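Read off the chains here:
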Amino acid sequence: MCHRLVRCSTCDLVYAVHPPGQDELANAYHAAEYDSPEEANDAAEAYMRAIRPILARLPQRHSALEIGTGTGVFLDHLAAAGFSDLVGVEPSSAAITAAPASRQGWIREGIFREEDFSPASFDLICCFMTMEHVSDPGEIARSAFRLLRPR
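In this report, we go over the structure that sits alongside the text. The structure displayed is predicted, hence computed values, not measured ones.

## Quick look at the layout of surface pockets
Argument step 1. Approximately 360 Å³ is the volume attributed to the second largest pocket.
Argument step 2. Forming the walls of the second largest pocket are 15 residues, and the residues nearest its centre are Leu58, Asp123, Leu124, Leu148 and Arg151.
Argument step 3. Taken together, the elements giving at least two residues each to the lining of the second largest pocket come down to α2 (37–57) and β6 (124–126).

## Structural notes on the packing of aromatic side chains
Argument step 1. Counted by the stated rule, this structure contains five aromatic pairs.
Argument step 2. Centroid distance Tyr47 to Phe74: 6.3 Å. Interplanar angle 70°. Geometry classified as edge-to-face. Of this pair, Tyr47 sits in helix α2 while Phe74 sits in helix α3 (residues 73–80); the two residues are 27 residues apart in sequence, bridging distant segments of the chain.
Argument step 3. A residue is classified by how much of its surface remains accessible, and Phe74, at 2% relative accessible area, is buried.
Argument step 4. Ring plane angle 75° and centroid distance 5.0 Å describe the contact between Phe74 and Phe128, whose orientation is recorded as edge-to-face. Taken together, the residues span a long stretch of sequence, with Phe74 in helix α3 and Phe128 in the loop between β6 and α6 (137–147) at a distance of 54 residues.

Conventions we followed
Residues numbered from 1 in each chain as written. Predicted model: local features only at pLDDT ≥ 70, side-chain atom pairs only at ≥ 80, totals over all residues. Heavy atoms only, no water. 1 Å grid on protein atoms, 1.4 Å probe; cavity = no way out; pocket = protein on both sides within 12 Å on 5 of 7 lines; lining within 4 Å. Points joined across faces, edges and corners; volume = space filled by probe spheres on them. Helix = DSSP H or I, 4+ residues; strand = E, 2+ residues; numbered from the N terminus. Phe/Tyr/Trp six-rings, centres within 6.5 Å; stacked < 30°, edge-to-face > 60°. Buried < 20%, exposed > 50% of the residue type's maximum accessible area, 1.4 Å probe, protein only.

Fair warning: the whole summary comes from geometry, so function is off the table for now.
Right, here's the structure in full:
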């Protein structure tokens, strides 16, 4: 995956002029290796600390979705916080293979697609360190919003 990157002269944003398509991304993640369990554990703890105020305001803690779940370590934290129906979506088969057996049942391999889930079916949706890997972050955010249960 070698893509020409350019920098916007106005805002300094760096981007790929011709970003990879969904199929190319899916194939790349499927073939990629996974080698960062320590960083994932540290990140999951930091994310949990950051969302505690949000969790305190949720009317219920039943279902949660994590887009780009890696090995699902953050899902473990959500289970400990009282969520019972957990789903993670992860395009890297290596990350899923590296997940402990206790988490593998929560993880679906593939690219996140809104149509794979029922509308208004989640109490919480998380997406950490993932938006920079998708071609249309706004569409991912809109999809996630439609999948959230109304408060």
